[in-house]
Amino acid sequence: MEPSRRVSTLHAGGDSGWAIYFRALAMREAGQPVTMLAVGDHHETTPEPVIAHMAASARGGHTGYTHIPGTPALREAIARRVQTRTGVQTGPENVIVCSGGQAALFAALMAVIDPGDRVVFIDPYYPTYPGTIRACSGVPVAVAARPEHGFEPAAEDLGAAANGAQALLMNSPNNPTGAVYGPQTLAGIADVAESHDLWLISDEVYETQVWDGTHVSPRALPGLAERTVALGSMSKSHVMTGWRVGWAVGPAELIAYMGELSISTTYGIPGFIQDAAHFALTEGTDIETGTTANYRRRRDIVVRLLEGTNGLRLVPARAAMYAMLDIRATGMTGPDFAWALLEAEGIAVLPGESFGEAAAGHVRLALTLPDAELEAALTTIVRFAADRAR
Ligand code: PLP
């Protein structure tokens, strides 16, 4: 018996980046010291008050089936937050709670495309994007955002790819590049979305991690709210990656259809998880600001230690919990550099190539270590790159 083409072609193209990550895990299991800068997960665990709230909710009886599109309280809290941050009128009817930003992306795509529809997305990209588009029976169409343009996409490139497309998927603040799309890029995206009548899916899971510039949700641009689905998550902002709680915000009618879809998928997100998320959103301001401050401080460490070094160029780190290093001066590819760094120094980073062709010759560091360990790793990386650049 053959599996469906849908599942057996999800990951066409392969990916050397995850092989490095798995090798790093195997080295660690074999007792070798490994410094892990490969994945975007916090080294801290979720703050105790959130865990206590989750446990109290479960003990209080919120363990049964719950409201499928999300508890009224959490939908209301998300709507209020989004309205405050964007200025766009947002009510609970515009919000659906999902199993993390990833499931929100899947649900949004399922709600806006039909089998065979083209979905434009921007390279470099979060590596699940092409597979998620294929999982929804769409056709992924990558548009390169070049390093020389600060990794922001050009409107003419998007316009050319958008012919006959149904949706455009964007991610600002961006993983892996740290780009925060400026007014000109956003105006170009708005123009392409309107002139090609596209749905716009805006992945904003890093909206609390902006170091330079201003994040503007495309939902806040004139006329775009009716064609935009914005995705958010508790994962990065509140140290809640493993809780799998996020959301999609969009036109009420589309959100209602996404609610119908979740009857066939998750049948709702656990009530005690939603209660904990509600607590974190409404009473966990210190968690959010503390988490943001941690990454801002680590980003400043990266800037201090890497600027002006030989063999490396730090891509301006404007946002998100990562740093992209241009290592082309070493003469190495991203995978060559990353593998050699792992084998020689026990430091795991991901090659830019695992995020798309536009990031070739780069590596991405996740700033997910305590400051002193991060400083030590960066010092080693600087020496390693300088040795190769000679
Ligand atoms: N979008 C981007 C750009 C990400 O980097 C991630 C996770 O790293 C996600 C979405 C998914 O986040 P989650 O499903 O944990 O909310």
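Everything here concerns the structure above.
Residues take numbers from 1 onward in each chain, read along the sequence in its written order. Only residues with pLDDT of at least 70 get local features here, since the model is predicted, and only at 80 or more are side-chain atom pairs given and counted; chain-wide, interface and lining totals rely on the full set of residues. Calculation of side-chain values draws on the structure's entire complement of heavy atoms; hydrogens and water are dropped beforehand.

**Remarks on the site of the ligand**
We define proximity as follows: a residue is near a molecule or strand when any one of its heavy atoms falls within 4 Å of that partner. Taken together, 14 residues lie around the ligand, and G101, D203, S233, S235 and R244 are the ones closest in. Measuring from an oxygen atom of the ligand, one finds a side-chain N or O atom of S235 at 2.6 Å. Whenever two N or O atoms come within 3.5 Å, that pair is a polar contact, provided that in protein one can donate a hydrogen and the other can accept it, and provided that, for residues adjacent in sequence, both atoms are side-chain atoms. At 2.8 Å, a side-chain N or O of K236 approaches an oxygen atom of the ligand. The fraction of the free accessible surface of the ligand (400 Å²) that becomes covered by protein chains is 93%. Classification convention: Asp, Glu, Lys, Arg as charged; Ala, Val, Leu, Ile, Met, Phe, Trp, Tyr, Cys, Pro as nonpolar; all other residues, Gly among them, as polar. By residue class, the composition of the shell around the ligand is 4 nonpolar, 7 polar and 3 charged. Using a 1.4 Å probe, the Shrake-Rupley method yields the accessible areas, and only the shown protein chains count as cover for residues.

**Remarks on the packing of helix α5 (residues 100-112) against helix α9 (residues 252-263)**
A fitted line through C-alpha atoms represents every axis, and for helices the fit uses only the stretch in contact; the resulting angles, taken between N-to-C directions, go from 0 to 180 degrees. Segments assigned H or I by DSSP are reported as helices when at least four residues long, segments assigned E as strands when at least two residues long, and all are numbered from the N terminus. α9 packs onto α5 with a crossing angle of 110° between their chain directions and a minimal axis gap of 10 Å. It follows that α5 is roughly perpendicular to α9 by the angle criterion. Crossing of α5 against α9: the hand is right-handed. Judged by residue contacts, A104, A107, A108, M110, A111 and V112 of α5 engage L254, M258 and L261 from α9. Here roughly perpendicular refers to angles of 65 to 115 degrees, roughly parallel to angles under 35, roughly antiparallel to angles over 145, and oblique to all remaining angles. In this scheme, a crossing is called left-handed if the near helix is turned counterclockwise away from the far one by less than a right angle; it is called right-handed if the turn is clockwise. Should any heavy atoms of two residues lie within 4.5 Å, those residues are counted as being in contact.

**Here's the deal with the pairing of strand β6 (residues 199-203)**
The two faces of the sheet receive side chains in turn, since in a regular strand these alternate between them. Each residue is placed in one exposure class: buried if its accessible area under a 1.4 Å probe, protein chains only, is under 20% of its type's maximum, exposed if it is over 50%, and partly exposed if it falls in between. Most of β6 is tucked away, with 4 of its 5 residues classed as buried. Here, a strand pair is defined by DSSP locating no fewer than two bridges between the strands. Relative to β6, strand β5 (residues 165-171) runs parallel, the two being bridged by 5 bridges. Note that in β6 the partner of A167 across the bridge is W199. We call a crossover right-handed when, viewed with the strands running away from us, the connection from the first strand over the helix to the second turns clockwise. Between β5 and its parallel partner β6, the chain crosses via helix α8 (residues 183-195), and the hand of that crossover is right-handed. Judged from the 4 bridges that link them, β6 and strand β7 (residues 228-233) form a sheet pairing that is parallel. Along β7, the bridge assignment pairs I201 with V229.

**Focus on helix α13 (residues 371-389)**
With 19 residues, α13 extends 27 Å from end C-alpha to end C-alpha; this agrees with the ideal 27 Å at 1.5 Å per step. Taken together, the buried residues of α13 touch β1 (35-36), α11 (285-306), β10 (322-326), α12 (334-345), β11 (347-348) and β13 (362-366). Expected helix span is taken as 1.5 Å per residue step, with the number of steps being one fewer than the number of residues.

**So, the side chain of S235**
Tracing the backbone through its elements, the reader meets S235 in the loop between β7 and β8 (246-249). Note on S235: relative accessible area 6%, which makes it buried. Residues in contact with S235, not counting those within four places in the same chain, are H42, M240, T241, R244 and V245.

**Here's the deal with the sheet that holds β8**
Spatially, β2-β8-β7-β6-β5-β3-β4 is the arrangement adopted by the 7 strands of the open sheet, whose pairing is mixed. Edge positions in the open sheet fall to β2 (95-98) and β4 (139-144), since each of these has one partner strand only. Across the sheet, the mean angle separating the axes of adjacent strands is 20° when strand polarity is ignored. As paired elements, strand β3 (residues 118-123) and β5 share 4 bridges and run parallel to each other. Note that in β5 the partner of R118 across the bridge is A165. α9 contacts β2, β6, β7 and β8 of the sheet and is inclined by roughly 30° relative to β2.

**Here's the deal with the nonpolar core**
For this analysis, a nonpolar core means a set of buried residues of the types Ala, Val, Leu, Ile, Met, Phe, Trp, Tyr and Cys, connected via side-chain atoms within 4.5 Å. Counting residues in hydrophobic clusters, the biggest one holds 46 residues, and the most contacted among them are L37, L312, L325, F337, V349, L365 and I381. At the level of secondary structure, the elements contributing two or more residues to this core comprise α2 (16-29), α11, β10, α12, β11, β13 and α13. Excluding anything up to four places from it in sequence, L325 contacts L306, L312, R313, L314, G361, H362, V363, L365 and I381. Of all hydrophobic cores here, the second largest spans 26 residues; its members include L186, L221, V315 and A359.

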